[in-house]
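Structure at a glance
What follows is the residue order along each chain.
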Amino acid sequence: MEVLGKNNVLGKLVPYLLVAPIVIWIAVTIFFPLFNVIKESFYNTGFVGTKGSYVGLDNYKEAVTSPAYWEAWTKSLVWVLGNSIAQTLLAFAIALLLNKPSRFANWARTWMIIPWVIPTIVVGIFWQWIFNGSYGIFNHVLMSLNLADKPVNLIGDNTWSLPVTIFINTWHWFPFMAVIVLAGLSTISHEIYEAADVDGANKWQQFWKVTFPSLGPITFALGVVGTLWSFNIFDTIYILTGGGPAGATTTVPVFIYQQAFESFQIGKASATSIITAFFLIVFVSVFIKYGTPKED
Amino acid sequence: MKKGSKGWVTLVGMLAAMQVVLAACSSGGNNGTNAAAENGNTTGVNTGAAVTELTLWHMEEPPNRVARFKEIVDGFNAANPDIKITAQVQSWGDAYSKFPAAIQAGNGPDLLFTIPDYTTLIKELGVVQPVDDIIESLNAAHKFQASSLAPYQYEDHTWAVPVFGMVQALWYRGDLLSAAGIQPPTTWDELKSAAEALTSGNKYGIALPASKSMATDQVLYSFLVTAGAKNILSGDNTVTFDNEKTVEAYQMYSDLLKFSPPDSNTYQWGEPQAQFNAGTAAMAIEKGQYLSTFEAESGRPASDLGVVPMPVADGGEAGSIYYSNGIMVLTDDANKKAAITKFFEYLFEPETYGSFVNAEPGLFLPVTEDGGQADSFWNDPVISKYKSQVEVLIEAASKGALFGFTDGVSSKIGKVAGPNYIAQTLEQMTSKGLSAADAVKWGQAQIEAAVK
């Protein structure tokens, strides 16, 4: 204390010294790699470790004029929308069902989260088993019920692979959303519902006038986080389909991975990543500006 | 109290200074090998006689292979107390994404397992050392198979020492073919007829991979070779993929897929073998890994496992995909190079070499003449049981070819193999409904863009 009092400069430095470790940590683990990715995006680097030559904005031009990139965006949009709609509907439905005190609800709340805690690689393996075109149980059921005369190969089918992958990802992640929604529901006071009852509101009206607006902040947070999260999912898709067949499930992250680690075009992959990050930042900014729930 | 603190600071400071001085002294006393040690390459040990330490990375992860390689390395270390090789198991999955960075950071190995197209990529880092002297001496003593050496010989040097080869052939279930009265096919026409005749209900004539994978690339390439279209990319990176014979090969593959299980477009390495061993598919095109598991997985006697060379198209040529796995030398340290030469001499001695190659019996084939005759190779329980099958594979190896290495050596072949353009061309037919001619045109355009 005596030292601090005498030397005001040291006193001013202490807060900076205290936050320095975390600032350095962030700089080393986020900004340094990010800087390298930005730098690589201006070089025609082939694969990790090699030195490319400076190509200016060529990688950016190639990325924005590449039909494959925009095709991947189309797949990503379908992926994000499909997941958002399916997960939101399922999560809300389950959360509303489990928001009543009962022995079943208590039991179901615990067991519901099982899909969420299963590692993605395991999810990939067992859904591949279920949908396997030769000996999967799905085909066995279809054929036993005479719904198909020969096995169908959903994961390897050009039309079905993306919807099936969305279904599997939804199955994997909806419990997380349901838990969040359930937490939100528990914050709504019962007195509001009692007042609505007294006013003669039916269940449907209570949902739209009380429940849904009360969940606004949670829905907003899930909208932002869930969209970005969903967009950036790579593991589930890659494990299940590898981006195939014939690019049917090649979303933007899969496309970037293929550029970097299959085609050995780190420079192009870096430029594609930067452009993609830019679009995501724009999305988040717009979403926050126009989607933030208004305080009444 | 203050005085005491100062004393401690002085003591700690002196100790630290002594550590630095001692470390510097120990560096100087190790004949310069510590400069490399700092790069993670060598660690000299001051035990009187200097020990040259070498690190070897291989990507053969199955436990049986790991154990056998370790056995060989331990045998060498025991016979050479002045050298210590440490074998470390890595993953092919990391080979393209992590090894180059590790090598550039000075944390790479001295010896690195490789395949031909991987060598062309790693060579770009400027660390791969020519092994001409080693090859010359080994060739004089053991005589390499030409097809094993060729993919590593370009720019006036040999860039890796081939250690074992892999070749594809047509495997068939003798019991299923006999029951249907079908002879093992030798031509494409016979292959198609046999596949059709052997398909009924949930039994299939053949199991072929058709996903975007290296497995599909390789089986398809065996069809390109036998169609007479083995040259897809020349030494100056001119793409010659789009031609009539390539189209024929794709059409044939697509036709055969009608007699392959319905989920073939998700198959990679394991699935055709599983279907074959389960008796669901009567034929499959693959390398020699079928030997070691056949009896246990199929419940059938070894005599039911048949193999013939790849059937040939009208106007095509005999052959299939063949490539050797090799070892690259990544150090230019003279002491280490001398130790590496000794290691290769030990490895290729017939009594050692057969045992090394049989780390995976049937899949790994000898690349030297005397290795192919060594008792240590033929006395292996699996190899001796399937002697006639192994002879077919060895014969097929002499006629093998590898894309990118048949018309000069393409420096860009890694950019074709990495994205699996050969397999992706097939996907254009199976998933997008393109004709063989249009799919091959698509493939030509993709490969041209990749290598430009």
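Per chain, residues are indexed from 1 in the order of the written sequence. The naming scheme follows written order: chains are lettered A onward, ligands numbered 1 onward. Whole-chain, interface and lining totals are the exception, using all residues; otherwise, since this is a predicted model, local features are given only for residues with pLDDT of at least 70 and side-chain atom pairs are given and counted only at 80 or more. Heavy atoms from the whole structure form the basis of all side-chain values; hydrogens and water molecules are not counted.

This part takes up the overall build of chain A. Numbered from the N terminus, helices here are DSSP runs of H or I no shorter than four residues, and strands are runs of E no shorter than two. Along chain A, the regular secondary structure elements total 15 helices and zero strands. Our radius of gyration is a C-alpha quantity, and the globule rule it is checked against amounts to 2.2 Å times the number of residues to the power 0.38. Here chain A has a C-alpha radius of gyration of 25 Å; the compact-globule value for 296 residues is 19 Å, and the former is much larger. Expressed as lengths along the three principal axes of its C-alpha atoms, the size of chain A is roughly 70 × 65 × 35 Å. For chain A, the residues scored as buried account for 40% of the 296 residues in total. Reported accessibility uses the Shrake-Rupley method at a 1.4 Å probe radius. Residues are deemed covered only where the shown protein chains occlude them. In the structure as shown, chain A presents an accessible area of about 17,200 Å², 71% of it carried by carbon and sulfur atoms. In this count, Lys and Arg are taken as positive residues and Asp and Glu as negative ones, while His and the chain termini are left out. Taken as the charge centre is NZ of Lys, CZ of Arg, CG of Asp or CD of Glu, depending on the residue. Both charge centroids of chain A, one from 15 positive and one from 15 negative side chains, sit 5 Å from each other. Exposure is judged per residue with a 1.4 Å probe applied to protein chains only, and the accessible area is read against the type maximum: over 50% gives exposed, under 20% gives buried, and values in between give partly exposed.

On to the interface of chain A and chain B, then. At the interface, 22 residues of chain A touch 26 residues of chain B. Buried area counts how much accessible surface, traced with a 1.4 Å probe, disappears from two parts once they are put together, with both parts' losses summed. Buried surface at the junction of chain A and chain B, summed over both partners, amounts to about 2,000 Å²; 54% is from carbon and sulfur atoms. Looking only at chain A, the three residues that lose the most surface to chain B are A:Phe47, A:Ala246 and A:Phe264, adding up to 29% of its buried area. Salt bridges, as used here, are contacts in which a Lys or Arg side-chain nitrogen is within 4 Å of a carboxyl oxygen on Asp or Glu. Linking chain A with chain B are one salt bridge. Residue A:Glu262 is joined to B:Lys212 by a salt bridge in which the shortest nitrogen-to-oxygen separation is 2.8 Å. Throughout, a contact is declared for two residues whenever any of their heavy atoms are within 4.5 Å.

Soluble, globular proteins show a tendency: their nonpolar side chains are buried together. Counting 136 residues, the largest nonpolar core has B:Tyr118, B:Phe223, B:Tyr250, B:Met283, B:Phe344, B:Phe348 and B:Phe356 as its most contacted members. In terms of residue count, the dominant contributor to this core is helix α11 (residues 214-227) of chain B (seven residues). Throughout, nonpolar core names a set of buried Ala, Val, Leu, Ile, Met, Phe, Trp, Tyr and Cys residues whose side chains join them through atoms within 4.5 Å.

Residue and element names in this part refer to chain B. Judged by side-chain charge, Asp-189, Glu-190, Glu-244, Glu-248 and Asp-314 come together as a negatively charged surface patch. Listing elements by their share of the negative patch, those giving two or more residues are α10 (188-197) and α12 (244-256). Along the chain, the position of Glu-244 falls in helix α12. The class for Glu-244 is exposed, based on a relative accessible area of 65%. Residues with no salt bridge and a relative accessible area higher than 30% make up the patches, which join like charges within 9 Å and nonpolar side chains (Val, Leu, Ile, Met, Phe, Trp, Tyr) within 5 Å.

All names here are of chain B. The sheet built from five strands is open, its strands ordered β2-β1-β3-β11-β6 with mixed pairing. What marks the edges here is a single partner per strand, and that holds for β2 (83-89) and β6 (161-167). Ignoring which end each strand starts from, the neighbouring axes of this sheet average 20 degrees apart. Strands are labelled as partners when DSSP assigns at least two bridges between them. As paired elements, strand β1 (residues 52-58) and strand β3 (residues 111-114) share two bridges and run parallel to each other. Each bridged residue has a counterpart across the sheet, and for Trp-57 the counterpart in β3 is Leu-112. The axes used here are C-alpha line fits, helices contributing only the stretch in contact, and every angle between their N-to-C directions lies in the interval 0 to 180 degrees.

This part is about helix α14 (residues 290-298) of chain B. All names here are of chain B. Buried residues of α14: Tyr-290, Leu-291, Phe-294 and Ser-298, and no others. Projected down its long axis, α14 shows its buried positions confined to an angular sector of 80 degrees, all on one face. Two residues or fewer past α14, Gly-299 is found with a positive phi of approximately 75 degrees. What the arc describes is the spread of directions from the helix axis to the C-beta atoms.

Moving on, we get to the pattern of salt bridges. Evaluated as defined, the whole model comprises 20 salt bridges over all chains. Salt-bridge contacts for A:Glu62 lead to A:Lys268; the nearest nitrogen and oxygen are separated by 2.9 Å. In this pair, A:Glu62 is assigned in helix α3 (residues 58-64) and A:Lys268 in helix α15 (residues 266-291), connecting sequence segments 206 residues apart. With a closest N to O distance of 2.7 Å, B:Glu60 and B:Arg65 form a salt bridge. As far as burial versus exposure is concerned, B:Glu60 and B:Arg65 are alike and both buried. A network of salt bridges, in which partner residues are shared, links B:Arg173, B:Asp175, B:Arg300 and B:Asp304.

Time to look at the packing of aromatic side chains. Residue and element names in this part refer to chain A. For this analysis, a ring pair means two rings from Phe, Tyr or Trp (six-membered ring only for Trp) whose centres lie within 6.5 Å, classed as stacked if their planes differ by under 30 degrees, edge-to-face if by over 60, and tilted for the remaining angles. This structure, assessed with the given rule, holds 54 aromatic pairs over all chains. With centroids separated by 6.4 Å and ring planes inclined at 40 degrees, the aromatic side chains of Trp-107 and Trp-111 adopt a geometry described as tilted. With Trp-107 and Trp-111 both in helix α5 (residues 103-112), this residue pair falls four residues apart, about one helical turn. Residue class for Trp-111 comes out partly exposed when judged on its relative accessible area of 49%. With a centroid separation of 5.4 Å and 75 degrees between ring planes, the pair formed by Trp-127 and Trp-171 is classed as edge-to-face. Here the residue Trp-127 occupies a position in helix α7 (residues 120-131), and Trp-171 occupies one in helix α9 (residues 161-186), the gap between them amounting to 44 residues.

So, on to the side chain of B:Gln90. Tracing the backbone shows B:Gln90 in the loop between β2 and α4 (92-95). Non-local contacts of B:Gln90, meaning those with residues more than four positions away in its chain, are made with B:Trp57, B:His58, B:Met59, B:Glu61 and B:Phe99.

Looking now at α5(A). Residues and elements named next belong to chain A. Restricting attention to buried positions, one finds in α5 the residues Ala-105, Ala-108 and Met-112. Seen from one end, α5 has its buried residues packed into an arc of 65 degrees, which puts them on one side. Facing away from the buried surface of α5 by more than 90 degrees, the exposed residues are Arg-103, Trp-107 and Thr-110. In this fold, the buried residues of α5 make contact with α4 (67-97), α6 (114-117) and α9.

Caution applies to low-pLDDT parts of the model: their predicted coordinates are not meant to be read in detail. Residues and elements named next belong to chain B. A residue-level look at chain B finds 89% of positions with pLDDT of 70 or above and a mean pLDDT of 88. Scored from 0 to 100, pLDDT reflects the predictor's confidence in each residue. Every residue in residues 20-47 is under pLDDT 50, and counting partners more than four places away or in other chains gives 36 contacts. Confidence metrics for the complex model read pTM 0.82 and ipTM 0.78.

Looking now at the environment of B:Pro262. If you trace the backbone, B:Pro262 turns up in the loop between α12 and α13 (270-278). Overall, B:Pro262 belongs to the partly exposed group, its relative accessible area being 30%. Residues B:Pro262 and B:Asn202, 60 residues apart in the sequence, show an inter-C-alpha distance of 9.7 Å. If near-sequence neighbours (up to four positions away) are discounted, B:Pro262 is found in contact with A:Gly133, A:Pro151, A:Asn153 and B:Tyr204.

Let us now look at the pairing of strand β11 (residues 322-329) of chain B. Residues and elements named next belong to chain B. The buried fraction of β11 amounts to eight of the eight residues, a majority that puts the element mostly inside the structure. Neither face of β11 is left uncovered, since the one carrying Tyr-322, Ser-324, Gly-326 and Met-328 and the one carrying Tyr-323, Asn-325, Ile-327 and Val-329 both have all their residues buried. As judged from the four bridges shared by β3 and β11, these two strands associate in the antiparallel manner. Pairing of Phe-113 across the sheet is with Ile-327, part of β11. When β6 meets β11, the two strands line up antiparallel, connected through six bridges. Its bridge partner being in β11, Gly-165 is matched across the sheet by Ser-324.

This next bit is on the sheet that holds strand β7 (residues 169-173) of chain B. Residue and element names in this part refer to chain B. An order of β8-β9-β7-β10 is seen for the four strands of this open sheet, with the pairing classed as mixed. The sheet is open, and its two borders are formed by β8 (204-207) and β10 (305-308), each paired with just one other strand. Across the sheet, the mean angle separating the axes of adjacent strands is 20 degrees when strand polarity is ignored. The pairing of β7 with β10 spans four bridges and is classified as antiparallel. Paired with Tyr-172 across the two strands is Gly-306, which belongs to β10. Contacts from α14 reach β7, β9 (281-286) and β10 within the one sheet, and its direction differs from that of β7 by about 15 degrees.

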